[in-house]
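Residue strings, one per chain:
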Amino acid sequence: MNGDGTRTDGDAGHTRRAVLAALGGASVALAGCATTADPAEDGETGGAGDPAGDVQQSAVSPFTGVYRDIVDSVVVVRGYDENGRVGQGSGFLAFDGVVVTNQHVVAGTEELVVGFTDGTTTDGELLGADVYSDLAAIELADRPDAGGGPLPFVEAEPPVGTEVLAVGAPFGLGESASAGIVSGVDRPLPSQTGFSVADTVQTDAAVNPGNSGGPLVTTDGEVVGVISAGGGENIAFGISAALVQRVVPALVEDGEYDHSYMGIGLTEVTPPLVRANGFDRSTGVYVDAVLEGGPSDGTLRGSTGRGEALGVRVPTGGDLIIGLDGRTVRSLGDLSTHLALRTSPGDVLSVSLVRDGERRDLSMTLGERPPPTG
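Residues numbered from 1 in each chain as written. Predicted model: local features only at pLDDT ≥ 70, side-chain atom pairs only at ≥ 80, totals over all residues. Heavy atoms only, no water.

Visitor: Quick one: what's the story with the overall build of the protein chain, residue by residue and with numbers?
Guide: Summing up its helical and strand segments, the protein chain has six helices and 22 strands in all. In the protein chain, buried positions account for 53% of the 374 residues. Long-range contacts, defined here as pairs at least 24 residues apart, represent 64% of the contacts in the protein chain between residues at least 6 apart. For the protein chain, the accessible area works out to roughly 15,900 Å², and carbon and sulfur atoms hold 45% of it. (Helix = DSSP H or I, 4+ residues; strand = E, 2+ residues; numbered from the N terminus. Buried < 20%, exposed > 50% of the residue type's maximum accessible area, 1.4 Å probe, protein only. Contact = heavy atoms within 4.5 Å. Areas by Shrake-Rupley, 256 points an atom, 1.4 Å probe, with all protein chains shown as cover.)

Right, dumping it as structure tokens:
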């Protein structure tokens, strides 16, 4: 339930299934795994027409210019296994021409084909993929002359309300754009790994199967995030630019990325939990369980019993984390974002917490998140 490498309860795939149920029961579980017929096989390039076509000046929106500036840097990623087609998603050029996309777009593939806006295609080699951040890096065999340059990333977290444009290939329809705003930041996004993707950006821009891996950009053409999932009406998520800039260079260099790991199970703070444990605050993150032999074993304390408050049975006796490295922790999002963006395995982490009604400041050495099971 949090992006720090802690396990959670609940339906990790719910947000991804919701958008597809609204689309009439499509079988794809992620926003980027469109399985429609290959447009190239139907003689189509997947384009939306000449992006530089003439339009009346009065009809031009603020997004028209940014779309024209970046569309040649956005690609369609098609993956094939030994039996044929696997799936399709989007991607974009970044980091000196490496294609950034989602891990779930390339999962299970043996061969990758990358398509550009001018209809040309080239083979792609998977340099690395990280299931925990849902990011992947692809090296191109060739770069067509018509391809655009690497897209830049925002230098700071965009404020809520920032206008953004999602560009990609929903349902295989390349060169498509949808506009919206940044609806929220620092969102921990549940995933099927049992861990959450940290520090995602929430948007109300329309996102559909095939959009995943494409860029979410500002009106200045700077990447805010990599589209990862749609969760229903007017809600979608992208991996933040800050996390992308940590993970993808490591994938290019080493083929993998090591995530910090505390080895604890966490629960959001709710009114019943506050009342049953006698907490004097409704913010922080509750430690429900500590993995035996894990990084937090012997330092943090998980639940020791169960209680009831407001008619709800809740765990009791665990620590309430209220700060990390001197930064206030008010929610799971705060905790997972701090660990994902500011720490690495082997770092000493300072933890401020409430235990038995008293504040304590402890320290522990972070471990490395283990491979996903199942």
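So that's the structure; there's more coming.
Visitor: Give me the lowdown on the confidence of the model for the protein chain, citing residues and values where you can.
Guide: Residues of the protein chain with pLDDT of at least 70 account for 83%, and the chain-wide mean is 85. Below pLDDT 50 for its whole length, residues 35–52 participates in 32 contacts with residues either more than four positions away or in separate chains. (pLDDT = per-residue confidence, 0-100.)

Visitor: Explain unusual backbone geometry residue by residue, including any values.
Guide: We note that Phe171 has phi near 55°; this positive angle belongs to a residue other than glycine. Inspection of the secondary structure puts Phe171 in the loop between β7 (163–168) and β8 (176–190). The phi torsion at Asp199 lies on the positive side, around 55°, for a residue other than glycine. Relative to the helices and strands, Asp199 resides in strand β9 (residues 196–203).

Visitor: Quick one: what's the story with helix α4 (residues 241–254), residue by residue and with numbers?
Guide: Its 14 residues give α4 an end-to-end C-alpha distance of 20 Å, which sits within 8% of 20 Å, the value for a rise of 1.5 Å per residue. If you check which residues of α4 are buried, you get Ala241, Leu243, Val244, Val247, Val248, Ala250 and Leu251. (Expected span 1.5 Å × (residues − 1).)

Visitor: For the pattern of salt bridges, give the residues involved together with the corresponding values.
Guide: All told, the structure shown has four salt bridges when counted by the stated rule. The salt bridge partner of Asp361 is Arg359, with a shortest N-O separation of 3.4 Å. (Salt bridge = Lys/Arg side-chain N within 4 Å of Asp/Glu carboxyl O.)

Visitor: If you had to explain helix α2 (residues 62–70) to someone new, which residues and values would you point to?
Guide: Every α-helix carries 3.6 residues per turn, so stepping three or four residues along brings you back to the same face. Where α2 is concerned, the buried positions are Phe63, Val66, Tyr67 and Ile70. Within α2, the buried residues cover an arc of 105° as seen down the axis, which keeps them to one side. In this structure, the buried side of α2 is in contact with β1 (74–81), β7, β8 and β10 (215–218). (Arc of directions from axis to C-beta.)

Visitor: Give me the packing of aromatic side chains: which residues, what numbers.
Guide: The geometry of two aromatic rings is summed up by the distance between their centres and the angle between their planes. Using the criterion set out here, one finds four aromatic pairs in the structure. In textbook terms, an aromatic cluster arises when at least three aromatic residues are bridged by ring pairs, as seen for Phe92, Phe95 and Phe153. (Phe/Tyr/Trp six-rings, centres within 6.5 Å; stacked < 30°, edge-to-face > 60°.)

Visitor: Account for the environment of Val113, with residues named and values stated.
Guide: Tracing the backbone shows Val113 in strand β4 (residues 111–115). On a C-alpha basis, the gap between Val113 and Ala141 in space is 9.7 Å, while along the polypeptide they are 28 residues apart. If we ignore the near neighbours within four places in the chain, the residues touching Val113 are Val76, Val77, Arg78, Tyr80, Thr121, Thr122 and Asp123.

Visitor: Describe the pairing of strand β6 (residues 135–140), and please don't skip the residues or the numbers.
Guide: Counted residue by residue, β6 has five buried out of six residues, so it is predominantly covered. For strand β3 (residues 98–101) and β6, the ladder comprises three bridges, and the chain directions are antiparallel. Within the sheet, the bridge partner assigned to Val99 lies in β6 and is Ile138. For strand β5 (residues 121–130) and β6, the ladder comprises six bridges, and the chain directions are antiparallel. If you follow Ala129 over to β6, its bridge partner there is Ala136. (Pairing = 2+ DSSP bridges.)

Visitor: Describe the sheet that holds β5, listing the residues and the values that go with them.
Guide: Strand order in the closed barrel formed by six strands is β1-β2-β3-β6-β5-β4, and the pairing between neighbours is antiparallel. Looking at each pair of strands side by side, their axes are set apart by 40° on average, direction ignored. Here α4 sits on the sheet and contacts β3, β5 and β6; the angle it forms with β6, its principal contact strand, is near 50°. (Axes fitted to C-alpha atoms, helices over the stretch in contact; angles between N-to-C directions.)

Visitor: Give me the side chain of Ser178: which residues, what numbers.
Guide: For Ser178, the position within the fold is in strand β8. The buried category is assigned to Ser178, whose relative accessible area is 15%. Separated by 2.6 Å, the side chain of Ser178 and the backbone oxygen of Ala206 make a polar contact. Once residues lying within four places of it in the same chain are set aside, the contact partners of Ser178 are Val164, Leu165, Ala166, Ala205 and Ala206. (Polar contact = N/O pair within 3.5 Å; in protein donor to acceptor, adjacent residues only side chain to side chain.)

Visitor: Give me the lowdown on the packing of α4 against helix α6 (residues 332–342), citing residues and values where you can.
Guide: It is the contact of α4 with α6, at a shortest axis distance of 9 Å, that shows an interaxial angle of 40°. With respect to α6, the axis of α4 lies oblique. When the axes of α4 and α6 are compared, the crossing they make is left-handed. Across from Ala242, Leu243 and Arg246 in α4, the residues of α6 making contact are Leu339, Ala340, Leu341 and Arg342. The class makeup of the residues in the contact of α4 with α6 is five nonpolar, no polar and two charged. (Parallel < 35°, antiparallel > 145°, perpendicular 65-115°, else oblique. Left-handed = near helix turned anticlockwise from the far one by under 90°. Nonpolar A, V, L, I, M, F, W, Y, C, P; charged D, E, K, R; others polar.)

Visitor: With reference to specific residues and values, describe the side chain of Gln103.
Guide: Tracing the backbone through its elements, the reader meets Gln103 in helix α3 (residues 103–106). With relative accessibility at 17%, the residue Gln103 sits in the buried group.

Visitor: Just give me the short version of the nonpolar core, but keep the residues and values in it.
Guide: Where a protein is soluble and globular, its nonpolar side chains tend to be buried together. If you look at the biggest cluster of nonpolar residues, it comprises 46 residues, and the most contacted ones within it are Phe92, Leu135 and Val244. By residue number, the principal contributor to this core is α4, which donates seven residues. If sequence neighbours within four positions are ignored, Leu135 has contacts with Thr101, Asn102, Gln103, Ala129, Asp130, Val226, Ile239, Leu243, Val244, Val247, Val248 and Leu251. Formed by 17 residues, the second largest nonpolar core is a distinct cluster that contains Val285, Ile321, Val329 and Leu349. (Core = buried A, V, L, I, M, F, W, Y, C linked by side-chain atoms within 4.5 Å.)

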